[in-house]
Structures are given as structure tokens and as C-alpha cells.
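Residue-level structural notes
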Amino acid sequence: FGLNIFVERLPSAVFGIFSVFLVFLIVNKLFKSFSLSLLSAFLFAVNPWEIHLARQGLLENEALFFVLLGVCLFFYSDRRKYLLIFSALSFGLSLYSYDAPKIFLPPFLPLLFYFNKERLLKIKKFALFFVLIFMIFYGSILHLTFFQGDIADYNRSSIFGSIPESVDSERYLTKAPLRLSSIFHNKLTVAIKRFETSYVSIFSLNWFFINGSHNLQHSVANHGQFLLFELPFFFIGMYLAFKKSARLGIF
């Protein structure tokens, strides 16, 4: 269709629409409630973050779609065991879509297996195929990263790059003696500050519900990633989740 804005944005919009349907299926499978599933899909469809991602020609929505598809197929494999294979393929494809699944999936999938271990023990063969397929995909990603030059891109964008230069700059700007300055301005303190500003800040209430990101590539201007009225339900959900986990002896 040629190179134009419509073609560039179309895949992200299509994957965004399909993701709404996947949210409906996942919630319906977990809670067996049509009304709750419909409400969840609606809130996802009008979520500022999702609308924003679906309108730009980047890869976040493609990755989100494949992760949601993997989760959906995983849950529905209780009746059709072969869907577990397609779930692994979907999770594997998400690794090639965007960087976030490369970090998110390694801790997420073991938790998914743990909370469904009784069912998976009954279909060990398919569970092993799942692990094997995902490991092949992840091994391929590691190969691309460390042996085919992608590590250079990582080093250029890493928050821990050029730390020595930042230490020298901070010590130069302070008027404190060098011995005292070295206590407050060193590689460890600089790395901690960068980690806090780059990663911890995006898990704040300000990021999620109030101002969002100042980078307009990542969020709507002066608006949280989620709707403000959803804030109380976040805490209610966390409370109920931990209450149930404590009763089951998980934590």
C-alpha cells in the first residue's frame, strides 16, 4: 500500500482492536462472568494508554497483543491441550515485537506455571513442549543480542552507560572537598539515581493516574496512563489479591 502514515499506523490499530477481544476472553475464562468481561474489555478499550499506543506506528501494541494471545491460549488449553503449543509460539513472537517481553516474560511464565501446576502436571508432554519452544525463541533472542550486534544498541540506550563521566561531572559541580564529595558522588550513587528516575518513577501513582509521562511518545500529555476514577479499584484489587494469597498460604 505504499509508504504513508496510514499504512504505518494500521497494524498497531488492528492489534489494538484484537487485544480488546482477548481481554474479554481472558476475564471471562477467569471469572465466568459475561458482564465483568464486557466491563473489562470496555475499560481496556477506553484506556488512555491503549488508545495512545494504538494510534502510533510503533511496536508496543504488537507485543501486547502476542502476550495477551499467549495468556488467552494458555488458559483455554485446559480443554484443548494443543493450544498450549500455540501459546508458547505467541509468547515467543512477542519477544521479536518489542523489548519489554524480553524482561517481563522470564519471571511471568514461571508464575503462570506455578498457579496452574495441578493442571499442567496432567499434560506434562505439552507443558514440556511449551518450555522447549519458548526457550528456543528466547535463546534466539539472546543470540541476536550478544552475538549479532544488538548489544551495541543496548549499551547506547542503557541507563548505566557513561557512569564515570557523570561521576566526574557531579564532583566537578560540587564545592565540597574531594573526600567528602566521593561519598555522595560515586558510581553506586549515580547508578541508583539513574535507576530511580528511569525505572522506579514509572511505577508511581503520578505516572499511572495523574501526569503520565512527559515524553509524548509514551503517553497523552498531562494525563495519567489510566483513568483517575480507577485509582481506588487498584488498591482494592491489591488488597483482595494479597488477602486471598495469604489465606491460601502463597505469601
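Let me begin by describing the structure that accompanies this report. (Residues numbered from 1 in each chain as written. Predicted model: local features only at pLDDT ≥ 70, side-chain atom pairs only at ≥ 80, totals over all residues. Heavy atoms only, no water.)

A closer look at unusual backbone geometry
Phi is positive for K32, close to 55°, though the residue is something other than glycine. Looking at the secondary structure, you find K32 in the loop between α1 (5–31) and α2 (34–45). (Helix = DSSP H or I, 4+ residues; strand = E, 2+ residues; numbered from the N terminus.)

Examining the pattern of salt bridges
On inspection of all chains with the given rule, the structure shows two salt bridges. The closest approach of N and O atoms between K29 and D78, which form a salt bridge, is 2.9 Å. With a gap of 49 residues between them, K29 in helix α1 and D78 in the loop between α4 (60–76) and α5 (83–97) connect regions that are remote in the sequence. Judged by relative accessible area, which is 14%, K29 ranks as buried. Classification of D78 as partly exposed rests on a relative accessible area of 37%. Between D99 and K102 there is a salt bridge, and its shortest N-O distance comes to 3.0 Å. You can call K102 partly exposed: its relative accessible area is 22%. (Salt bridge = Lys/Arg side-chain N within 4 Å of Asp/Glu carboxyl O. Buried < 20%, exposed > 50% of the residue type's maximum accessible area, 1.4 Å probe, protein only.)

Topic: the side chain of E50
Checked against the element boundaries, E50 lands in helix α3 (residues 48–54). It is R55 that comes nearest to the buried, bridge-free E50 among opposite-charge side chains, at 11 Å. Looking at E50, its side chain comes within polar contact range of the side chain of N61, at 3.3 Å. When sequence neighbours within four positions are dropped, the list of residues in contact with E50 reads G16, F44, N61 and L64. (Lys, Arg positive; Asp, Glu negative; His and termini not counted. Polar contact = N/O pair within 3.5 Å; in protein donor to acceptor, adjacent residues only side chain to side chain. Contact = heavy atoms within 4.5 Å.)

Notes on the packing of α1 against α4
When two helices pack together, their arrangement is given by the angle between the helix axes and the distance between those axes. Running from amino to carboxyl end, α1 crosses α4 at an angle of 25°, the nearest separation of the two axes being 9 Å. As the angle between them shows, α1 and α4 are arranged roughly parallel. The two elements α1 and α4 meet at a crossing, and its hand is left-handed. When grouped by side-chain class, the residues that make up the contact of α1 with α4 number 16 nonpolar, five polar and two charged. (Axes fitted to C-alpha atoms, helices over the stretch in contact; angles between N-to-C directions. Parallel < 35°, antiparallel > 145°, perpendicular 65-115°, else oblique. Left-handed = near helix turned anticlockwise from the far one by under 90°. Nonpolar A, V, L, I, M, F, W, Y, C, P; charged D, E, K, R; others polar.)

Considering α1
Over its 27 residues, α1 extends 40 Å from the first C-alpha to the last, a length consistent with the 39 Å expected when each residue adds 1.5 Å. The largest bend along α1 reaches roughly 25° and is located at P11. Taken together, the buried positions of α1 are S12, G16, S19, V20, L22, V23, F24, I26, V27 and K29. Residues of α1 that are buried make contact with α2, α3 and α4. The opening residue of α1 is N4, an N-cap whose side-chain oxygen sits 3.1 Å from the backbone nitrogen of F6. Phi turns positive, to about 55°, at K32, one or two residues after α1. (Expected span 1.5 Å × (residues − 1). Bend = angle between axes of the 7 residues up to and from the residue.)

A few points about a nonpolar patch on the surface
Residues F6, L10, V14, I17 and F18 make up a contiguous nonpolar surface patch of roughly 490 Å² in combined accessible area. For F6, the position within the fold is in helix α1. (Patch = residues over 30% accessible without salt bridge, like charges linked within 9 Å, V, L, I, M, F, W, Y side chains within 5 Å. Areas by Shrake-Rupley, 256 points an atom, 1.4 Å probe, with all protein chains shown as cover.)

A few points about the nonpolar core
Among the nonpolar cores identified, the biggest contains 34 residues, and F74, L84, F91 and F130 are the most heavily contacted of them. Going through the elements one at a time, α1, α2, α4, α5, α6 (100–114) and α8 (124–147) are the ones with two or more residues in this core. Excluding residues within four positions of it along the chain, L84 makes contact with F74, S77, L120, I123, F126, A127 and F130. (Core = buried A, V, L, I, M, F, W, Y, C linked by side-chain atoms within 4.5 Å.)

A closer look at the packing of α4 against α6
Put simply, α4 and α6 touch, their axes get as near as 13 Å, and they point 10° apart. In terms of axis orientation, α4 runs roughly parallel to α6. Residue-level contacts link A63, V67, V71, F74 and F75 of α4 to P101, F104, F108, L112 and F113 of α6. In terms of residue class, the contact of α4 with α6 is built from ten nonpolar, no polar and no charged.

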